[in-house]
Amino acid sequence: MPRSTVDTEAVSVPISGSGLVSPEFAIAGARELAIVAPVLTSCQAFLQGNFDTTSAGFVRVAELDGQGDFTWTIGPGSNAISAEVLKPFEFGRIELDVEQAAAREFTVVRKL
């Protein structure tokens, strides 16, 4: 029986201590997508998507059922989510609603 191989790519996505939005990260070609949050103070995170890297084109991504923005509530500590709502886009960003005391690094994992 032939074996299939799955390529997995993990990239660090920083958010500065005084910042609320990460730089863009690639999504294109992902069969599965996950985001791992570092230890944070309590906050909510939103996901933004775009079809190119033009900053003005990024928009918050809605829940799959269309009932508002996709919202990820992160309590004290680290957390992880499946980010399937971003798969239609070529690029994504992470937006926080509260500045953190220091820079934080998220990890975005794509299975290709």
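Refer to the structure above for everything that follows.
Here's the deal with the pattern of salt bridges
One pass over the structure, following the stated rule, counts four salt bridges. Among the ionic pairs, D69 bridges to R60, the shortest N-O distance being 3.2 Å. Between E95 and R60 there is a salt bridge whose closest N-O contact spans 2.7 Å. With E95 in strand β8 (residues 91–96) and R60 in strand β5 (residues 59–60), this pair connects stretches of sequence that are 35 residues apart. Accessibility expressed as a relative area gives 14% for E95, which makes it buried. Among the ionic contacts, a cluster of salt bridges with common partners joins R60, D69 and E95.

As for the nonpolar core
The tendency in soluble globular proteins is for nonpolar side chains to be buried as a group. Membership of the largest hydrophobic core comes to 24 residues, with the highest contact counts inside it found for F25, I35, L47, W72, L86, I94 and F106. Among the elements of the structure, β1 (8–15), β3 (32–40), β4 (43–50), β6 (71–74), β8 and β9 (104–111) are those that each provide at least two residues to this core. Broken down by element, this core gets its largest block of residues, four residues, from β3. Here W72 is in contact with I35, V36, A37, C43, Q44, A45, N79, A80, I81 and F106, once residues within four sequence places are set aside.

Some details on the packing of aromatic side chains
Counting across every chain of the model gives two aromatic pairs. Their ring planes at 35° and their centres at 5.1 Å tell us that F51 and F89 sit as a pair that is tilted. With F51 in the loop between β4 and β5 and F89 in the loop between β7 (77–82) and β8, this pair connects stretches of sequence that are 38 residues apart. Judged by centre distance (6.3 Å) and plane angle (65°), the rings of W72 and F106 are edge-to-face. Residue W72 is found in strand β6, and its partner F106 is found in strand β9; the two are separated by 34 residues along the sequence. One exposure class covers both W72 and F106, and it is buried. The positively charged end of R60 is found above the aromatic ring belonging to F46, 3.7 Å away from the centroid.

A look at the sheet that holds β9
In space, the four strands of this open sheet follow the order β1-β9-β3-β7, with antiparallel pairing throughout. With partners counted over all chains shown, the strands left at the sheet margins are β1 and β7, one partner each. Looking at each pair of strands side by side, their axes are set apart by 15° on average, direction ignored.

Digging into the side chain of R110
Its place among the elements puts R110 in strand β9. One polar contact links R110 to E9, side chain to side chain, over a distance of 2.7 Å. Reaching out from R110, the side chain makes a polar contact with the backbone oxygen of A28 at a distance of 2.6 Å. Not counting the four nearest positions on each side in its chain, R110 is found in contact with D7, T8, E9, A26, I27, A28, A30, E32 and L33.

Concerning the side chain of Q48
Position of Q48 relative to the elements: it lies in strand β4. Taking the relative accessible area as the measure of exposure, Q48 reaches 6% and is therefore buried. At a separation of 2.7 Å, a polar atom in the side chain of Q48 contacts the side chain of R93.

Definitions and cut-offs
Throughout, residues of each chain are indexed from 1 in the direction in which the sequence is written. At least 70 in pLDDT is required for a residue's local features to be given in this predicted model, at least 80 for side-chain atom pairs to be given and counted, and no such filter applies to totals for whole chains, interfaces and linings, which use all residues. Side-chain descriptors were evaluated using all non-hydrogen atoms of the structure, hydrogens and water having been removed beforehand. Every case where a carboxyl oxygen of Asp or Glu lies within 4 Å of a side-chain nitrogen of Lys or Arg is listed as a salt bridge. Secondary structure elements are defined from DSSP: runs of H or I of at least 4 residues count as helices, runs of E of at least 2 residues count as strands, and each element is numbered from the N terminus. Buried, partly exposed and exposed residues are distinguished by accessible area as a fraction of the type maximum, computed with a 1.4 Å probe on protein chains only: under 20%, between the cut-offs, and over 50%, respectively. Among buried residues, those of type Ala, Val, Leu, Ile, Met, Phe, Trp, Tyr and Cys that are joined through side-chain atoms within 4.5 Å constitute a nonpolar core. In this analysis, two residues are considered to be in contact whenever any of their non-hydrogen atoms come within 4.5 Å of each other. Stacked, tilted and edge-to-face are the three classes applied to pairs of Phe, Tyr and Trp rings, where Trp contributes its six-membered ring and a pair requires centres within 6.5 Å; stacked means planes under 30 degrees apart, edge-to-face means over 60, and tilted covers the rest. Whether a charge lies above a ring is judged from NZ of Lys or CZ of Arg, which has to be within 6 Å of the ring centre and within 35 degrees of the ring normal. Whether two strands pair depends on DSSP finding at least two bridges between them. An axis is simply a line fitted to the C-alpha atoms; with a helix, the fit covers only the stretch in contact. Between two such axes, the angle follows the N-to-C directions and lies from 0 to 180 degrees. Counting of polar contacts relies on pairs of N or O atoms within 3.5 Å, with two restrictions inside protein: one atom must be capable of donating a hydrogen and the other of accepting it, and residues adjacent in sequence are counted only when both atoms are side-chain atoms.

Taken by themselves, the reported measurements are silent on function.
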